[in-house]
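This is what each chain is made of:
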Amino acid sequence: MDCTFQTKKGRFNYRVGAIIISDLGLLVVSNSKEPYFYSVGGRVKMHEALDDAIEREVLEETGSQIGEKTLGFIHENFFTSELTGEVYHEISFYYYVELQNNAVSCHSHNEFDEQEQLHWLSFEQLPQADIRPAFLKELTKDTSKTIQHIVEKSV
């Protein structure tokens, strides 16, 4: 059971995201319903530790085990879904992740049962790309691996 619930004022989400960087750029996900890219990751399950959640999500979405991981960002996001109009309060933990196998293959579906696709966006493409959350556009190969706390309010 995913850690998400509905309230009278909107939906709460608890999730993890993977920042997967290589010489190819940043690995991101897309689907046919949402007109933007987003990170590999998803909702934490009830009674699941963050470390376990990121490993499960990366395996589900890339087919690869994690070689190494480091927490990089705590992201509080207040937004309205473009698809449903639902108001969200989301807390996400983004990990820098190194894959054991760089041959990635996506067989996952989003919450609307849309097939997801993986894409490598080069660092030159990132500033112009529509990526959610937006702070992912500012990543480089030399990103400092200190934990940062980011709050975004678009509600």
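Residues numbered from 1 in each chain as written. Predicted model: local features only at pLDDT ≥ 70, side-chain atom pairs only at ≥ 80, totals over all residues. Heavy atoms only, no water.

With an unreviewed UniProt entry as reference, the protein is termed NUDIX domain-containing protein, source organism Candidatus Enterococcus ikei. In UniProt, the protein has this text filed under Cofactor (unreviewed entry): "Mg(2+)". (UniProt positions renumbered as here; feature names shortened; annotations may be inferred.)

(A) Examining helix α1 (residues 50-62) more closely. With 13 residues, α1 should reach 18 Å at 1.5 Å per residue; the first-to-last C-alpha distance of 18 Å fits that figure. Those residues of α1 not exposed but buried are L50, A53, I54, R56, E57, V58, E61 and T62. Packing partners of the buried residues in α1 comprise β2 (10-22), β3 (25-31), β4 (37-43), β5 (66-80), β6 (87-99) and β7 (116-121). (Helix = DSSP H or I, 4+ residues; strand = E, 2+ residues; numbered from the N terminus. Expected span 1.5 Å × (residues − 1). Buried < 20%, exposed > 50% of the residue type's maximum accessible area, 1.4 Å probe, protein only. Contact = heavy atoms within 4.5 Å.)

(B) Representation of the nonpolar core. Among the nonpolar cores identified, the biggest contains 20 residues, and A18, I20, V40, I54, V58 and V97 are the most heavily contacted of them. Those elements giving two or more residues to this core turn out to be β2, β3, β4, α1 and β6. Once you skip the residues sitting within four places of it in the chain, A18 turns out to touch S39, V40, I54, V58, Y94, Y95 and V97. Of all hydrophobic cores here, the second largest spans 15 residues; its members include V28, Y96, A129 and L139. (Core = buried A, V, L, I, M, F, W, Y, C linked by side-chain atoms within 4.5 Å.)

(C) Representation of the pattern of salt bridges within the structure. Tallying each qualifying case throughout the model produces eight salt bridges. Taking the shortest distance from any N to any O, the salt bridge between R56 and E57 comes out at 3.0 Å. For R56, a relative accessible area of 17% corresponds to the buried category. Its relative accessible area of 6% is what places E57 among the buried residues. As a salt-bridge pair, R132 and D130 come within 3.0 Å of each other at their nearest N and O atoms. In this structure D130 comes out as partly exposed when scored by relative accessible area, which is 33%. Bridged by salt links that share partners, the residues E48, R56, E57 and E60 form one connected network. (Salt bridge = Lys/Arg side-chain N within 4 Å of Asp/Glu carboxyl O.)

(D) Structural context of the pairing of β6. Note that β2 and β6 share ten bridges and pair parallel. Following the sheet pairing, R11 is matched in β6 by Y88. The pairing of β5 with β6 spans 13 bridges and is antiparallel. Residue pairing in the sheet places I74 in a bridge with F93 of β6. Counting the residues that bridge the hairpin from β5 to β6 gives six residues, and of these G85 lies at a positive phi of roughly 80 degrees. (Pairing = 2+ DSSP bridges.)

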